[in-house]
Amino acid sequence: MINDSFECENCHEEIIKHPEWSARNHCPFCLHSKHLDDKFPWDRESKCLWIMKPIDIDYKKNKWNMVKHKCTKCWKEILNKVAPDDAFLEFVQKRNKII
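Residues numbered from 1 in each chain as written. Predicted model: local features only at pLDDT ≥ 70, side-chain atom pairs only at ≥ 80, totals over all residues. Heavy atoms only, no water.

Can you lay out the overall build of the protein chain for me, pointing to particular residues and giving the numbers?
When helices and strands are counted, the protein chain shows one helix and six strands. The secondary structure elements of the protein chain, listed N-terminal to C-terminal, are β-β-β-β-β-β-α. Taken over C-alpha atoms, the radius of gyration comes to 13 Å for the protein chain, in line with the 13 Å a tight globule of 99 residues would show. Seen through its C-alpha atoms, the protein chain measures out along the principal axes to roughly 35 × 30 × 30 Å. Looking at the protein chain as a whole, 33% of its 99 residues are labelled buried. Counting only contacts in the protein chain whose residues sit at least 6 apart along the sequence, the fraction spanning at least 24 positions is 29%. Surface accessibility of the protein chain: about 6,800 Å² in total, with carbon and sulfur atoms responsible for 55%. Placing the 18 positive and 16 negative side-chain charges of the protein chain at their respective mean positions leaves the two points 6 Å apart. (Helix = DSSP H or I, 4+ residues; strand = E, 2+ residues; numbered from the N terminus. Rg over C-alpha atoms; globule rule 2.2 N^0.38 Å. Buried < 20%, exposed > 50% of the residue type's maximum accessible area, 1.4 Å probe, protein only. Contact = heavy atoms within 4.5 Å. Areas by Shrake-Rupley, 256 points an atom, 1.4 Å probe, with all protein chains shown as cover. Lys, Arg positive; Asp, Glu negative; His and termini not counted. Charge placed at Lys NZ, Arg CZ, Asp CG, Glu CD.)

Kindly report on the side chain of Ser33, identifying the contributing residues and their values.
Structurally, Ser33 is set in strand β3 (residues 33–34). The buried category is assigned to Ser33, whose relative accessible area is 10%. Engagement of the side chain of Ser33 in a polar contact is seen with the backbone oxygen of Asn25, the distance being 2.6 Å. Leave out the neighbours within four places in its chain, and Ser33 touches Asn25, His26, Trp50, Ile51, Met52, His69 and Asn80. (Polar contact = N/O pair within 3.5 Å; in protein donor to acceptor, adjacent residues only side chain to side chain.)

Structure, rendered in structure tokens:
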């Protein structure tokens, strides 16, 4: 895992390295990600490299809250752990208004 800074390809915010976690794989503001992994988390073998949209939430006993991302090109779905500074509550509120 690499903890790098990056620019979000969805909202264009500049994302800094996460100070407490080993790595950051999605934007903490809009929660969008990039399709980098192929067969397992952090393999960075995806050929798609498209934007992944947050579509749902989940809860895993050992990983706590998770955001489900779906690739906007190939439709692959991936779960990502929520970081402490993510706009997770805002996403849940928007999601609950849609349901």
